[in-house]
Amino acid sequence: MNTATPKGGSNVSLARRAWAIRRNALRMGEVQGQGYIGQALGVADVLAVSYFHALNYRAAEPEWEGRDRFLLSIGHYAIALYAAMIEAGILPEDEIGTYGMDDSRMPMSGMAAYTPGMEITGGSLGHGLGIAVGMALGLKRKKNPAFVYNMLSDGELGEGSTWEAVMSAVQWKLDNLIAIVDFNDQQADGKTTAALANVPEAGRWSAFGWFAQEVDGNDMDAVVAAFDAARAHKGDQPRVIICNTKMCKGIPFLEDREITHFVRVEPEEWARALNILDEGKPQ
Ligand SMILES: Cc1ncc(C[n+]2csc(CCOP(=O)(O)OP(=O)(O)O)c2C)c(N)n1
Ligand SMILES: [Mg+2]
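The structure reproduced in this document is the subject of the present report. (Residues numbered from 1 in each chain as written. Chains lettered and ligands numbered in written order. Predicted model: local features only at pLDDT ≥ 70, side-chain atom pairs only at ≥ 80, totals over all residues. Heavy atoms only, no water.)

**Description of the overall build of the protein chain**
Okay, step 1: Helix and strand counts for the protein chain come out as nine helices and seven strands.
Okay, step 2: A compact globule built from 283 residues should have a C-alpha radius of gyration of about 19 Å, and the protein chain, at 18 Å, falls within 12% of that.
Okay, step 3: Each principal axis of the C-alpha atoms in the protein chain carries an extent, and together these give about 55 × 45 × 40 Å.
Okay, step 4: Taking as baseline every contact in the protein chain between residues at least 6 positions apart, the subset at least 24 positions apart corresponds to 74%.
Okay, step 5: Accessible area of the protein chain: about 12,000 Å², with a carbon and sulfur share of 50%.
Okay, step 6: Of note, the protein chain has its 26 positive side-chain charges centred 7 Å away from the centre of its 36 negative side-chain charges. (Helix = DSSP H or I, 4+ residues; strand = E, 2+ residues; numbered from the N terminus. Rg over C-alpha atoms; globule rule 2.2 N^0.38 Å. Contact = heavy atoms within 4.5 Å. Areas by Shrake-Rupley, 256 points an atom, 1.4 Å probe, with all protein chains shown as cover. Lys, Arg positive; Asp, Glu negative; His and termini not counted. Charge placed at Lys NZ, Arg CZ, Asp CG, Glu CD.)

In structure tokens form, the structure reads like this:
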């Protein structure tokens, strides 16, 4: 049961926001017949908390100076972020049908040049946290109180550049930087824990000097509490929230698939997936 209070006096629950994010993502996936749907379904709860509980932004003014910055280094997760930004009113819902098409403002991999609210062009993995470090440092020097969030993936933990950024964030005392790791234990060809990340993840970040928390990323209340603690933490450390999520969360016949990095769904299966989602529509 989600008891978390949504932001800004809205009476729309975070569970309902996450439902809408999953639904928007499925509709975009249907346009192409395939895509990074597993990631979007898995990370929808974390994005709901990000956009409807934690972040300060103005939907009609995506470049407002005082906004918290949300940097998506995992360009292939763009479908998830578009789904959240549509729900947030930053992107128009009627462009869902253009997803991944030529000239769309919602290309398959996130591009800052085309898309309102997309802070960086990700996709070449391992660069988001380094960019976030520079941005957080710049904001601090300008005395701008905004936070910089970087959503990165467990696959990016295998990139050396990520760990250079981890160390420099501590060196610069970036208490305005919050890393969010979507730890779904998958990367392109298999399990992350079978590659380079079979260590106690929060312990590794705190050993570097970060304020680290690890939560079930599909437990809304736990995610809310972690975001609140990350923002409120006293001390000059950067903060990280390791979110353990389940690929394809919410659609059991997709959850059961072995390969979920890039999901192909038959035409009739989209309707089945949407039906399953709609049957569980929260208040
Ligand atoms: C520098 C770099 N190397 C390789 C790739 C190819 N690539 C795209 S997604 C991906 C998987 C990365 O792991 P993760 O983001 O955890 O995958 P997921 O959870 O989405 O399955 C890879 C290797 C890339 N985009 N950039
Ligand atoms: Mg992964």
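**A look at the environment of M106**
Okay, step 1: Looking at the element boundaries, M106 is found in the loop between α3 (78-88) and α4 (128-141).
Okay, step 2: Sequence separation between M106 and I131 is 25 residues, and the spatial gap between their C-alpha atoms is 22 Å.
Okay, step 3: What M106 contacts, discounting residues up to four positions off in sequence, is M28, Y82, I86, L91, P92, E95, I96, Y99 and G100.

**Quick notes on the sheet that holds strand β5 (residues 211-216)**
Okay, step 1: Pairing is parallel in the open sheet, where five strands are placed in the order β2-β3-β4-β6-β5. For this open sheet the edge positions go to β2 (69-72) and β5, each flanked by a neighbour on one side alone. With strand direction ignored, the average angle separating the axes of adjacent strands in the sheet is 20°.
Okay, step 2: Across six bridges, strand β4 (residues 177-183) lies against strand β6 (residues 239-244) in parallel orientation. Across the sheet, residue F183 finds its bridge partner in β6, namely N244. (Pairing = 2+ DSSP bridges. Axes fitted to C-alpha atoms, helices over the stretch in contact; angles between N-to-C directions.)

**Some words on helix α9 (residues 267-279)**
Along an α-helix, residues three or four apart share an orientation, since each turn contains 3.6 residues.
Okay, step 1: Within α9, burial applies to E269, W270, A273, L274 and L277. Along the axis of α9, the buried residues cluster in a sector spanning 140°; they form a single face. Those residues of α9 that are exposed and angled more than 90 degrees off the buried face are E268 and E279. (Buried < 20%, exposed > 50% of the residue type's maximum accessible area, 1.4 Å probe, protein only. Arc of directions from axis to C-beta.)

**A short note on the coordination of the magnesium ion (ligand 2)**
Tetrahedral coordination by four donors puts the ideal angle at the metal at 109.5 degrees, and octahedral coordination by six puts it at 90 or 180 degrees.
Okay, step 1: Of the protein atoms, only D154 (OD), N184 (OD1) and Q186 (O) coordinate the magnesium ion (ligand 2), at distances of 2.0 to 2.2 Å.
Okay, step 2: All donors of the magnesium ion (ligand 2) come from a single chain, and their spacing in sequence reads D-x29-N-x1-Q. Of this pair, D154 sits in the loop between β3 (148-153) and α5 (160-171) while Q186 sits in the loop between β4 and α6 (201-208), placing them 32 residues apart in sequence.
Okay, step 3: Residue D154 is classed as buried on the basis of its relative accessible area of 2%. (Donors = N, O, S within 2.8 Å, 3.2 Å for Na, K, Ca; no water.)

**Quick word on the packing of aromatic side chains**
Okay, step 1: Counted by the stated rule, this structure contains nine aromatic pairs.
Okay, step 2: Judged by centre distance (6.3 Å) and plane angle (45°), the rings of F147 and Y149 are tilted.
Okay, step 3: Through a chain of ring-to-ring contacts, the aromatic side chains of W163, W205, F208 and W210 assemble into a single cluster.
Okay, step 4: A cation sits over an aromatic face here: R272 above F253, 3.9 Å from the ring centre. (Phe/Tyr/Trp six-rings, centres within 6.5 Å; stacked < 30°, edge-to-face > 60°. Lys NZ or Arg CZ within 6 Å of the ring centre and 35° of its normal.)

**Some thoughts on the site of ligand 1**
Okay, step 1: Ligand 1 sits among 17 residues. The nearest are Q39, G123, S153, D154 and H261.
Okay, step 2: A distance of 2.6 Å separates an oxygen atom of ligand 1 from a polar atom in the side chain of Q39.
Okay, step 3: G155 has a polar backbone atom sitting 2.9 Å from an oxygen atom of ligand 1.
Okay, step 4: Contact with the protein chains covers 72% of the free accessible surface of ligand 1, which is 590 Å².
Okay, step 5: When grouped by side-chain class, the residues that make up the shell around ligand 1 number five nonpolar, ten polar and two charged. (Near = heavy atom within 4 Å. Polar contact = N/O pair within 3.5 Å; in protein donor to acceptor, adjacent residues only side chain to side chain. Nonpolar A, V, L, I, M, F, W, Y, C, P; charged D, E, K, R; others polar.)

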